[in-house]
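Residue-level structural notes
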Amino acid sequence: MAVNPNEDTEFNDALRKYGIIPPKETTPPTPSPPSSPKLQDVLDNLTPEELKELGEEITDDDLDRDIDSYRRQRLAQERLQQKRARFGRVYPIGRDDYTREVTEASKIDEEGDEEEKGTGVICFLYKDGIPRSDRTSGHIQTLASRYPHSKFVSIVGNKCIADLPDSRIPMLIIYRKGEIRNQLIAWGADRERQLEELEALLILCGTLDLPRGPLGEQRAPDGDESEEEDDETSFRMRSAATSTNARAPKNIRAQSKADDSDSDFEFDL
């Protein structure tokens, strides 16, 4: 007599007990359905135009008023963000432009900035043909587009600082509120640096402002609002900057070495 091992019978249970037929396959548990998204999360992902269309379809007066109020807040915040996003690209400058385009520009407060933090300005000194400089130039272009509230300017190194040796290229001089916050010399000379390292360091220097959400709230660079992700992002940012020259002196006089005769220069604009 043929035995169907898939039948649920006492005879088959006895056979399974003695290992004559394989155990009965268990049905995997049904996964719990995903939790319903919060209204705020749904609204955050809609454009003002989509919010308007949603409000027209809603029959609940209270909900309609909430959606309309939220849409008006979004529109007001977008107008403010557009005014604040003054830059968005890298601006080439000359030596004679430095004071106006860098030092003085870093003193200008954004519209609506009650803290009067000034503007973050990153001056990128470069030389074409040096691989680490060319690589950093691409990173600077990306960051300028990603952080339009901060000003990025570029200038050929020896056009800014006379006799600047190639060993100091690329150099980044970081300003805010009319003061030098940091300087990075020969960035990437020790090893190939990643975009995320430079981004993290500039954020830690207080030169880049974190991106803002639909209502102007600051978010982590990846746009994730969860506390766990924010903590992980902060850790990654600190880790990325650990081995950089983040504590470089704030004056722009190069630190001459006993065995580096070509490294003596002064920054005097």
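Refer to the structure presented above.
1. Concerning the pattern of salt bridges
All told, the structure shown has 11 salt bridges when counted by the stated rule. Here Asp-109 and Lys-177 are joined by a salt bridge, their closest N and O atoms 3.0 Å apart. One end of the pair, Asp-109, is in the loop between helix 5 (98-104) and strand 2 (121-126); the other, Lys-177, is in the loop between strand 4 (171-176) and strand 5 (179-185), and 68 residues separate them in sequence. Residue classification places Asp-109 among the partly exposed positions, given a relative accessible area of 28%. Residue classification places Lys-177 among the partly exposed residues on the basis of a relative accessible area of 35%. A salt bridge links Asp-190 to Arg-193; the shortest N-O distance between them is 2.7 Å. Of the residues examined, Arg-193 reaches a relative accessible area of 4% and is grouped as buried.

2. Focus on the sheet that holds strand 1 (residues 90-92)
Read from one edge to the other, the open sheet built from five strands follows the order 1-3-2-4-5, with strand pairing classed as mixed. Sheet topology places strand 1 and strand 5 at the edges, where each strand pairs with a single neighbour. Strand after strand, the sheet turns through a mean of 25 degrees between neighbouring axes, direction not considered. Of the pairings in the sheet, the one linking strand 2 to strand 3 (residues 151-156) comprises six bridges and is parallel in character. Looking at strand 3, one finds that Tyr-126 is bridged to Val-156. On the sheet, helix 6 (residues 131-146) packs against strand 1, strand 2, strand 3 and strand 4 and is oriented at approximately 155 degrees with respect to strand 2.

3. A few points about the packing of helix 6 against helix 8 (residues 195-204)
Running from N to C, helix 6 and helix 8 cross one another at 55 degrees; their axes reach a closest spacing of 10 Å. Considered as vectors, helix 6 and helix 8 are oriented oblique to each other. Crossing handedness for the pair helix 6 and helix 8: right-handed. On helix 8, the residues that touch Thr-136, His-139, Ile-140, Thr-142, Leu-143 and Arg-146 of helix 6 are Leu-195, Leu-198, Glu-199 and Leu-202. Of the residues contributing to the contact of helix 6 with helix 8, the split by class is five nonpolar, three polar and two charged.

4. Remarks on helix 8
Burial analysis of helix 8 places eight of its 10 residues in the buried class, which makes it a mostly covered element. Within the span of helix 8, buried status applies to Leu-195, Glu-197, Leu-198, Glu-199, Ala-200, Leu-201, Leu-202 and Ile-203. Gly-206, located one to two residues past helix 8, shows a positive phi value of around 80 degrees.

Cut-offs and rules
- Residues numbered from 1 in each chain as written.
- Predicted model: local features only at pLDDT ≥ 70, side-chain atom pairs only at ≥ 80, totals over all residues.
- Heavy atoms only, no water.
- Salt bridge = Lys/Arg side-chain N within 4 Å of Asp/Glu carboxyl O.
- Helix = DSSP H or I, 4+ residues; strand = E, 2+ residues; numbered from the N terminus.
- Buried < 20%, exposed > 50% of the residue type's maximum accessible area, 1.4 Å probe, protein only.
- Pairing = 2+ DSSP bridges.
- Axes fitted to C-alpha atoms, helices over the stretch in contact; angles between N-to-C directions.
- Contact = heavy atoms within 4.5 Å.
- Parallel < 35°, antiparallel > 145°, perpendicular 65-115°, else oblique.
- Left-handed = near helix turned anticlockwise from the far one by under 90°.
- Nonpolar A, V, L, I, M, F, W, Y, C, P; charged D, E, K, R; others polar.

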